[in-house]
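If you want the building blocks of each chain, they are given just below.
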Amino acid sequence: MGDWMTVTDPESKYISQYTSETKMSPSSLYSQQVLCSSIPLSKNVHSFFSAFCTEENIEQSISYLDQELTTFGFPSLYEESKGKETKRGLNIVAVLNCMNELLVLQRKNLLAQENVETQNLKLGSDMDHLQNCYAKLKEQLETSRREMIGLQERDRQLQCKNRNLHQLLKNEKDEVQKLQNIIASRATQYNHDMKRKEREYNKLKERLHQLVMNKKDKKIAMEVLNYVGRADGKRGSWRTGKTEARNEDEMYKILLNDYEYRQKQILMENAELKKVLQQMKKEMISLLSPQKQKPRERADDSTGTVISDIEEDAGELSRESTWDLSCETVREQLTNSIRKQWRILKSHVEKLDNQVSKVHLEGFNDEDVISRQDHEQETEKLELEIQQCKEMIKTQQQLLQQQLATACDDDTASLLRDCYLLEEKERLKEEWSLFKEQKKNFEKERRSFTEAAIRLGLERKAFEEERASWLKQQFLNMTTFDHQNSENVKLFSAFSGSSDWDNPTVHSRPRQKKPHGAPSGSPVCTSKLTKSLPASPSTSDFCQTRSCVSEYSSISVLNTTPEESKPNQVGRECTNQKWSVASRPDSQEGCCSGCSSTHADAHIEKDDLP
Amino acid sequence: MNFSEVFKLSSLLCKFSPDGKYLASCVQYRLVVRDASTLQICQLYACLDQIQHIEWSADSLFILCALYKRGLVQVWSLEQPEWHCKIDEGSAGLVASCWSPDGRHILNTTEFHLRITVWSLCTKSVSYIKYPKACQQGITFTRDGRYLALAERRDCKDYVSILVCSDWQLLRHFDTDTQDLAGIEWAPNGCVLAAWDSCLEYKILLYSLDGRLLSTFCAYEWSLGIKSVAWSPSSQFLAVGSYDGKVRILNHVTWKMITEFGHPATINNPKIVVYKEAEKSPPLVLGRLAFPPPRAAAGPLSSTESEYEVASVPVSLQTLKPAADRANPRIGIGALAFSPDNCFLATRSDSVPTAVWIWDIQKLRLLAVLEQLSAVRCFQWDPRQARLAICTGGGKVYLWSPAGCVSVQVPGEGDFQVLSVCWHLSGDSLALLSKDHFCLCFLETEQGVGTAFGQRGDHM
């Protein structure tokens, strides 16, 4: 497009020059119009063209066109003249070429025009859009400006308020200060007045005293039938310097006694605390010593050294005399060692905690084993505690004896008697008795369990014999048996194989064993039983037989007639009931006795049942 | 629990003798001495006028009757009924009278606290102590009866004098750093003296027997201060109740505060047992109600049955709004007492007048709260065990022990309003005093008590 513009500019100049030179035809304007005009004019152009060229002025028109075209740079419409005198002829080819070129130009122009127009449109819309934007932004600007003004106003107001508040605060502070001053001045005034009044009052009192007392008031008197003796039976003593000194002495004696008593108490408390510390230390050492191998192997420097310290301390511990010294070096040693051990213990406990958490993460694998361990630990702990209590009591007895030996006067002795150490001792005694009782209970339990075990063994023997005899019978009856099989298998096959079994005694017998086998279900009993009874296979036998029985019983119930099954059911109910009674672990003794009684009952029932 | 018959009484004057054998009571101008167990009259003395104060001598041989209006003190002997002694203070007047611990001297305070006269029953001698201070508790004897501490005021300053009781010689005299000394009290071991300032300032000072200042304690400033003070029987603790509704416990080693017991109006801790006295309405017998109820049935409130219920926390107690424009506002800890075994502390906050708070001193925490239907008049610990008797001016007496709590209706026709209680030193009986009557309440022996408190399930 740019090209076009640059081209047109000199042309138009040229045109103006040219038109001024040449005489203008009325249609020349049109030709110019054609060049510049837009598409709607094209129709008119055509009509003008027809008007432009008529029959008469063909020559003129052609020359005019030729002139025009040549001025625009087109080749001349005329053929090249051979001579000047000869009239030049119209070159059709050139005309056509010119026309074609003009048409091409025209099309180009039209296209360009179109482009320009669309561009124009686009620009116009852009312009609109920008104008809208501008308007909007202007609006925004306006609003924000307004807002800003509002905010500024608010800020100003707030500042104003703040200033007011500050002023108020200051005023209040001033007021407070003023009031405080007033209060203080009033207080001083009050005190002053009080003092004045009191002085006056004292004066009055003095005066009254004089008036009342010095008048030889006959009324002020005491009438006594006869004077009574002093409560202590002594006579009153004269007031002398001696009595004063004696009073002082007595006072200091009382004070000294009090301080001595308090010191004694503190010493006792100290001794006790030392004992506790010592005990703790011992326990820590005993607790930590089994593990000292492990950390050494791990070559952990710090713990290693500390443990060696512990060993040293343990050596020190044996020398009890160091504990009686309360000098600072010993104290320091003690606190240091305790601190170290405490650190170790802490780390150990933390380790244990980690382990425990790990175990928890792994899941509860074998709870039974853990519980047994716990049980053992518990017993160990209890034993340790008993030991401690024993020691405590012993030391306290020693202390008490010492005390009694040292406390010469009755007063302090009586005072010491109700000190809390004795309470402690009492409590320990109680605890000790409780432990004793528990121990007794445990022993009783164990005894009952062993008894039960013995009884069980006997029963087992009896049952074994019975079974042997029965097996013999069975063997005699059933000749088609496989002799190579184990007893249990035999039993099983015998039970399951013979559907038409008709001996009711055997029906009931294994069922009666139930109560004996059943206690194996309770965890407390098992541990005891397995400990006291080396013949544990018997229980497994029971179990197997029980399983057999349960299978068998179902079969037998299916097979037997209602009349036959009745007594069996009754028997089972009986035994079941007994078991439930025995299993209630209310009291250890009761449980044991209950156990034994059920055993006895079972015996009886076994005999009674058909 | 058995009750004696009701005897006449005036001015709430009824006291067990220190040896526990006798019970002295006053009816107008007569002094009646009874056997404490049989309640038979042993002696009857007639004074010159209405008796206003009685006190047994420490050896239980003499009784002092003060007739303040007349300025007279009459002393009677139990051994020799014909023996008598009359002390006349004359125009000086009399406002207080008490025995010295030896039971042979009487200390009379004259009107306007001009002086204290020490009369001896053994000799004719009379001693005077000048400048006694008129305050809440200005005279205190040590438990062993050796020393007397006396608050004095001279030249607008407070002083304390320590005197030896045997010969009334001055042992120590020192000024206390107080604005206006309000009270002094010996520790039970007799080696430490607590002195506290008036309620305008929170200040408590501790002096040794030899007059050295051991420590001072001030919990706060400006607001009203100390209202009540109590030593524990072991002298180990000093409980200080103040107007801010708190009890502060000081220890005897450092004399610093161990703990602070607040008395909040709501109790949230489920560990604290709140016993609430509840009226038990008698079962209604339908069809038997007469329309205009007979006068007897519409009797006083105290005749209705009541029992303790264990309230479930949170419990909010009834509080009084103190009148701010009045002097002596009803706020702060008005009363506090340690149990004889040092294990418990009973307190009453005046802004919660219906409640008694019992604190466990071993654990230093609140143990129980007893909320009564009416304001607590007084409470007193059994001198032998941790058992607290409470009265509220109604027809009942309340007993608390760590095992539980019972409310007992005083039997008998008419209205017996228990205004005060007084334990026998054995803890076996309890004197209940009303305005003009008294009766004795005999408590069961150990086993009996056990069963009685075992029934607390019924009461709760």
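Naming follows an unreviewed UniProt entry, where chain B appears as WD repeat-containing protein WRAP73 isoform X1 of Neophocaena asiaeorientalis asiaeorientalis.

Identification of chain A as Afadin- and alpha-actinin-binding protein isoform X6 from Neophocaena asiaeorientalis asiaeorientalis is taken from an unreviewed UniProt entry. On record in UniProt, under Sequence similarities (unreviewed entry), the comment for chain A is "Belongs to the ADIP family."

Caption draft 1: Structural detail: the overall build of chain A. If you tally the helices and strands in chain A, you get 20 helices and one strand. Contacts in chain A between residues far apart in sequence, at least 24 positions, make up 69% of those at least 6 positions apart. Surface exposure of chain A reaches about 45400 Å², of which carbon and sulfur atoms provide 56%.

Caption draft 2: View of the sheet that holds strand β13 (residues 115-120) of chain B. Residues and elements named next belong to chain B. Spatially, β11-β12-β13-β14 is the arrangement adopted by the four strands of the open sheet, whose pairing is antiparallel. Single-partner strands in this sheet number two, and they are β11 (96-99) and β14 (126-130). Across the sheet, the mean angle from the axis of one strand to that of its neighbour is 20°, orientation sign disregarded. Taken together, the five bridges between strand β12 (residues 105-109) and β13 define a ladder with antiparallel strand orientation. Note on β13: the bridge partner recorded for Ile106 is Trp119.

Caption draft 3: Up close: the UniProt feature "coiled-coil region" (unreviewed entry) in chain A. Per the UniProt record, the feature "coiled-coil region" (unreviewed entry) sits at residues 127-214 and 372-399 of chain A. The span residues 372-399 of chain A is 100% helical and 0% strand by assignment, and the distance between its end C-alpha atoms comes to 40 Å.

Caption draft 4: Geometry of the nonpolar core. Residues and elements named next belong to chain B. Core analysis: the largest hydrophobic core is formed by 37 residues, its most contacted members being Tyr147, Ile204 and Leu238. In terms of residues, this core owes the most to one element, strand β20 (residues 192-197), which gives five residues. Ignoring any residue separated from it by four or fewer positions in sequence, one finds Ile204 in contact with Ala195, Trp196, Ser215, Thr216, Phe217, Ile226, Val229, Leu238, Val240 and Leu250. Ala230, Ala239, Trp357 and Val369 belong to the second-largest nonpolar core, a separate cluster that totals 23 residues.

Caption draft 5: Summary view of a negative patch on the surface. Residues and elements named next belong to chain A. Residues Glu423, Glu426, Glu430 and Glu431 make up a contiguous surface patch of negative charge. Mapped onto the secondary structure, Glu430 falls in helix α13 (residues 420-477). Accessibility expressed as a relative area gives 51% for Glu430, which makes it exposed.

Caption draft 6: Representation of the pairing of strand β41 (residues 437-442) of chain B within the structure. Residues and elements named next belong to chain B. Sheet topology places strand β1 (residues 2-3) next to β41; two bridges connect them, and they run antiparallel. If you follow Phe3 over to β41, its bridge partner there is Cys441. In terms of strand pairing, strand β2 (residues 7-8) meets β41 through two bridges, oriented antiparallel. For Lys8, the partnering residue across the bridge sits in β41 and is His437.

Caption draft 7: Looking closely at the sheet that holds strand β18 (residues 169-175) of chain B. On the basis of which strands lie adjacent, the open sheet formed by four strands has the order β15-β16-β17-β18 (chain B) and antiparallel pairing. Each edge of the open sheet carries a strand with a single partner, namely β15 (139-141) and β18 of chain B. Across the sheet, the axes of successive neighbouring strands diverge by a mean angle of 20°, strand direction being ignored. Pairing geometry for β15 of chain B and strand β16 (residues 147-154) of chain B, over three bridges, is antiparallel. Across the sheet, the residue bridging to Ile139 of chain B is Leu150 of chain B, located in β16 of chain B. Helix α6 (residues 241-288) of chain A contacts β16, β17 (157-164) and β18 of chain B of the sheet and is inclined by roughly 65° relative to β18 of chain B.

Caption draft 8: Spotlight on the packing of aromatic side chains. Residues and elements named next belong to chain B. As enumerated under the stated definition, the model contains 16 aromatic pairs over all chains in all. Considering the side-chain rings of Phe261 and Trp359, the 4.2 Å spacing of their centres and the 10° angle between planes classify their relative orientation as stacked. One end of the pair, Phe261, is in strand β26 (residues 257-262); the other, Trp359, is in strand β33 (residues 355-360), and 98 residues separate them in sequence. Cluster of aromatic residues (ring-pair linked, three or more members): Phe62, Trp83 and Trp99. Directly above the aromatic system of Tyr29 lies the positively charged group of Arg30, at a separation of 5.4 Å from the ring centroid.

Caption draft 9: Broad picture of the side chain of Ser420 of chain B. Residue and element names in this part refer to chain B. Relative to the helices and strands, Ser420 is located in strand β39 (residues 420-423). Since its relative accessible area comes to 18%, Ser420 is described here as buried. In contact with Ser420, other than residues within four places in its own chain, are Cys378, Cys391, Ala431, Leu432 and Leu433.

Caption draft 10: Region of interest: helix α5 (residues 92-213) of chain A. Helix length check: α5 of chain A (122 residues) gives 172 Å between terminal C-alpha atoms against 182 Å at 1.5 Å per residue, within 8%. Summarising the contacts, the buried residues of α5 of chain A are in contact with α4 (58-71) of chain A together with β13, β14 and β16 of chain B.

Caption draft 11: Representation of the interface of chain B and chain A in the model. Taken together, the contact between chain B and chain A spans 50 residues of the former and 40 residues of the latter. Around 4200 Å² of area is buried between chain B and chain A when both sides are counted, 53% of it from carbon and sulfur atoms. Where chain B packs against chain A, one counts five salt bridges. Residue Glu250 of chain A is joined to Arg146 of chain B by a salt bridge in which the shortest nitrogen-to-oxygen separation is 3.2 Å. Our count for the chain B to chain A interface comes out at 14 residue pairs in polar contact (both at pLDDT 80 or more). Sorting the residues of the side of chain B that touches chain A by element identifies β10 (84-88), β13, β16 and β18 of chain B as the ones contributing at least two each. Residue contributions to the side of chain B that touches chain A peak at five residues, all from β10 of chain B. Of the residues belonging to the side of chain B that touches chain A, the class tally is 20 nonpolar, 13 polar and 17 charged. Examined bridge by bridge, strand β1 (residues 221-224) of chain A and β10 of chain B share four bridges and lie antiparallel to one another. Considered in β10 of chain B, the bridge of Val224 of chain A is made with Cys85 of chain B.

About the thresholds
- Residues numbered from 1 in each chain as written.
- Chains lettered and ligands numbered in written order.
- Predicted model: local features only at pLDDT ≥ 70, side-chain atom pairs only at ≥ 80, totals over all residues.
- Heavy atoms only, no water.
- UniProt positions renumbered as here; feature names shortened; annotations may be inferred.
- Helix = DSSP H or I, 4+ residues; strand = E, 2+ residues; numbered from the N terminus.
- Contact = heavy atoms within 4.5 Å.
- Areas by Shrake-Rupley, 256 points an atom, 1.4 Å probe, with all protein chains shown as cover.
- Pairing = 2+ DSSP bridges.
- Axes fitted to C-alpha atoms, helices over the stretch in contact; angles between N-to-C directions.
- Core = buried A, V, L, I, M, F, W, Y, C linked by side-chain atoms within 4.5 Å.
- Buried < 20%, exposed > 50% of the residue type's maximum accessible area, 1.4 Å probe, protein only.
- Patch = residues over 30% accessible without salt bridge, like charges linked within 9 Å, V, L, I, M, F, W, Y side chains within 5 Å.
- Salt bridge = Lys/Arg side-chain N within 4 Å of Asp/Glu carboxyl O.
- Lys, Arg positive; Asp, Glu negative; His and termini not counted.
- Charge placed at Lys NZ, Arg CZ, Asp CG, Glu CD.
- Phe/Tyr/Trp six-rings, centres within 6.5 Å; stacked < 30°, edge-to-face > 60°.
- Lys NZ or Arg CZ within 6 Å of the ring centre and 35° of its normal.
- Expected span 1.5 Å × (residues − 1).
- Buried area = accessible area lost by both parts, 1.4 Å probe.
- Polar contact = N/O pair within 3.5 Å; in protein donor to acceptor, adjacent residues only side chain to side chain.
- Nonpolar A, V, L, I, M, F, W, Y, C, P; charged D, E, K, R; others polar.

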